[in-house]
Amino acid sequence: MMLEDVQSRLDTLVDALDGHDAGAIIAATEELATAVILFRGAGIPRGSEQRAELLIGKTLRQLEAAAIRVNVLKDWTRQRIDRNHEIRGTHQRGAALSY
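In this report, we go over the structure that sits alongside the text. (Residues numbered from 1 in each chain as written. Predicted model: local features only at pLDDT ≥ 70, side-chain atom pairs only at ≥ 80, totals over all residues. Heavy atoms only, no water.)

1. Some points on the environment of T34
- Among the secondary structure elements, T34 is positioned in helix α2 (residues 22-41).
- Separated by 28 residues in the primary sequence, T34 and V6 place their C-alpha atoms 8.7 Å from one another. (Helix = DSSP H or I, 4+ residues; strand = E, 2+ residues; numbered from the N terminus.)

What follows is the structure in structure tokens.
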């Protein structure tokens, strides 16, 4: 089932986020995006609706966990940048971009 592929790609992304590996995060994000696009175009086979519903719920919870990890990494990065400015005695030039 396509949703299992989405879940697998999401697991890979979460592992990359936990490992703080930028290259792995980018690769996993691209693979997840591709899996989601393919899933959107696929139908759910008859008789597997309940299983699909469970997998979708699990995937949504894991997406929320991944979003939390991204926010934590963003916060850590902002703290490092601020510390570097303090160490160098430089001032920040404008507000940091946040997406």
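2. Focus on the pattern of salt bridges
- With the rule as written, the count across this model stands at 4 salt bridges.
- A salt bridge links R51 to E4, with the nearest nitrogen and oxygen atoms 2.0 Å apart. Here R51 is found in helix α3 (residues 49-88), whereas its partner E4 is found in helix α1 (residues 2-19), with 47 residues between them in sequence.
- The partner of D18 in a salt bridge is R69, and the shortest N-O contact between them spans 2.5 Å. In this pair, D18 sits in helix α1 while R69 sits in helix α3, placing the two residues 51 residues apart along the sequence.
- The partly exposed category is assigned to D18, whose relative accessible area is 42%. (Salt bridge = Lys/Arg side-chain N within 4 Å of Asp/Glu carboxyl O. Buried < 20%, exposed > 50% of the residue type's maximum accessible area, 1.4 Å probe, protein only.)

3. Description of the side chain of Q7
- Note on placement: Q7 falls in helix α1.
- The exposure class of Q7 is buried, given its relative accessible area of 6%.
- With residues near it in sequence (within four places) discarded, Q7 still touches L55, K58, T59 and Q62. (Contact = heavy atoms within 4.5 Å.)

4. Observations concerning the nonpolar core
- In this structure, L3, V6, L10, L13, V14, L17, A28, L32, A35, L55, A66 and L73 together form the largest nonpolar core, which totals 12 residues.
- Of all the secondary-structure elements, those providing two or more residues to this core are α1, α2 and α3.
- At 6 residues, α1 tops the list of elements feeding residues into this core. (Core = buried A, V, L, I, M, F, W, Y, C linked by side-chain atoms within 4.5 Å.)

5. Remarks on the packing of α1 against α3
- For the pair α1 and α3, the least separation of the axes is 10 Å and the interaxial angle reads 20°. With respect to each other, α1 and α3 are oriented roughly parallel. For the pair α1 and α3, the sense of crossing is left-handed. Between α1 and α3, the residues in contact are L3, E4, V6, Q7, L10, D11, V14, L17 and D18 and R51, A52, L55, I56, K58, T59, Q62, L63, A66, R69, V70 and L73, respectively.
- Its residues assigned to classes, the contact of α1 with α3 comprises 12 nonpolar, 3 polar and 6 charged. (Axes fitted to C-alpha atoms, helices over the stretch in contact; angles between N-to-C directions. Parallel < 35°, antiparallel > 145°, perpendicular 65-115°, else oblique. Left-handed = near helix turned anticlockwise from the far one by under 90°. Nonpolar A, V, L, I, M, F, W, Y, C, P; charged D, E, K, R; others polar.)

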